[in-house]
Amino acid sequence: MALTKEALQALVALQSKDKHLDSIQKEIDAVPPRIAALKADLEGEKRHMDAAKAKIVELEKKKKSKELDVAAKEEAARKHAAQLNDLKSNDAYKAMQAEIEAEKAAAGAIETEILQFMEEIDKARAEEKAATAEFKKTEEFSKKDLERLEAEQSHAKGRFETAKVERDAAAAAVGAAEMKVYNHIRGRGKPDAVVPVVAGHCGSCQINLTPGLILEVAKLKSLVTCESCQRILYKPELLAAAAA
Ligand SMILES: [Zn+2]
């Protein structure tokens, strides 16, 4: 295809605008994962706090159940004590007394367990207090971070719009045929579609270019692509001369 210095220059100019646009897009794309990470952090703190709260509820429930056990044992001991005087035989009396002692001992043992639960509840409350404070702190910080990230994103989007107008203006100066090749290369994951010839090498893949190919590039008569990486080649010194 026919080519002029100006056409190739327009392509290089477009690439520079596209690079700028790409870098802003990268900034924009980097924001959502950071927001997601902030939210995940906060959710983690919340789960920790909720677990601490749930632990207190569970311990309180266990303690309550033990308290009911103690009351039942004490009630049984009281009932049996009231029945003592009605017993006729000495053996039955002694057996009942032993039972009452066993019930009182059981109640005492459960009281000890209750004391242990109370200690555990105190510890759980302290943990819950720390977890809540940690959550509140993270919540406050992440709110600020979130606002900052959203501002960053909005600012980047504004810059993108400006850069996009400049990019489109640069694109308007590129011929349809060159644009087709350029877009094709970029579409294949090569954002640096136009590369300089550097000391006889392709500026991107570094392959040694044949003198014949370099000559073709220098002629500026047609679009020449690297045989290895298929990028468009140009000689910067020639374009600079054309620009001047
Ligand atoms: Zn190459």
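Residues numbered from 1 in each chain as written. Predicted model: local features only at pLDDT ≥ 70, side-chain atom pairs only at ≥ 80, totals over all residues.

## Thoughts on the overall build of the protein chain
Helices and strands together make up the secondary structure of the protein chain, namely 5 helices and 3 strands. Counting from the amino terminus, the protein chain carries its helices and strands in the arrangement α-α-α-β-β-α-β-α. For the protein chain, the C-alpha radius of gyration of 41 Å lies well beyond 18 Å, the compact-globule estimate for 244 residues. Overall, the C-alpha framework of the protein chain stretches about 130 × 35 × 25 Å when taken along its three principal axes. In the protein chain, which comprises 244 residues, the share counted as buried stands at 16%. Counting contacts in the protein chain only where the partners sit at least 6 residues apart, residues at least 24 apart contribute 75% of the total. (Helix = DSSP H or I, 4+ residues; strand = E, 2+ residues; numbered from the N terminus. Rg over C-alpha atoms; globule rule 2.2 N^0.38 Å. Buried ≥ 20, exposed ≤ 12 C-beta atoms within 10 Å, placed from the backbone. Contact = placed C-beta atoms within 7 Å.)

## Remarks on the sheet that holds strand E2 (residues 201-202)
Here we have 3 strands laid out as an open sheet, ordered E2-E1-E3, and mixed in their pairing. In this open sheet, the two strands that pair with only one neighbour each are E2 and strand E3 (232-234). Sheet topology note: the strand E1 (residues 194-198)/E3 ladder contains 3 bridges and is parallel. The residue of E3 that forms the bridge with Val194 is Ile232. (Pairing = 2+ DSSP bridges.)

## As for the domain arrangement of the protein chain
Annotation of the protein chain at the domain level lists domain 1 (19-172) and domain 2 (176-243). For domain 1 and domain 2, the distance between their C-alpha centroids amounts to 63 Å. (Domains from an automatic or database assignment.)

## Examining the packing of helix H1 (residues 5-83) against helix H2 (residues 90-172)
With their axes 5 Å apart at the nearest point, H1 and H2 run at an angle of 165 degrees to one another. When the axis of H1 is compared with that of H2, the two are roughly antiparallel. The handedness of the crossing between H1 and H2 is left-handed. Partitioning the contact of H1 with H2 into residue classes produces 36 nonpolar, 9 polar and 35 charged. (Axes fitted to C-alpha atoms, helices over the stretch in contact; angles between N-to-C directions. Parallel < 35°, antiparallel > 145°, perpendicular 65-115°, else oblique. Left-handed = near helix turned anticlockwise from the far one by under 90°. Nonpolar A, V, L, I, M, F, W, Y, C, P; charged D, E, K, R; others polar.)

## As for the nonpolar core
Taken as a class, soluble globular proteins show a tendency for nonpolar side chains to be buried jointly. Ranked by size, the top nonpolar core spans 21 residues in total, and within it Leu11, Val194, Ile232, Leu233 and Tyr234 carry the most contacts. At the level of secondary structure, the elements contributing two or more residues to this core comprise H1, helix H3 (176-187), E1 and E3. Considering each element in turn, this core owes the most residues, 4 residues, to H1. In this view, Tyr234 contacts Leu8, Val12, Val194, Pro196, Val217 and Leu239; residues no more than four positions away in its chain are not counted. (Core = buried A, V, L, I, M, F, W, Y, C linked by C-beta atoms within 7 Å.)

## Thoughts on the pairing of E1
Where E1 lies against E2, 2 bridges are found, and the strand directions are antiparallel. Bridging from a neighbouring strand, Val198 pairs with His201 of E2.

## Quick look at H3
Here H3 is 12 residues long and its end C-alpha atoms lie 16 Å apart, about the 16 Å a rise of 1.5 Å per residue gives. Directly after H3, the chain includes Gly189, whose backbone phi takes a positive value near 80 degrees. (Expected span 1.5 Å × (residues − 1).)

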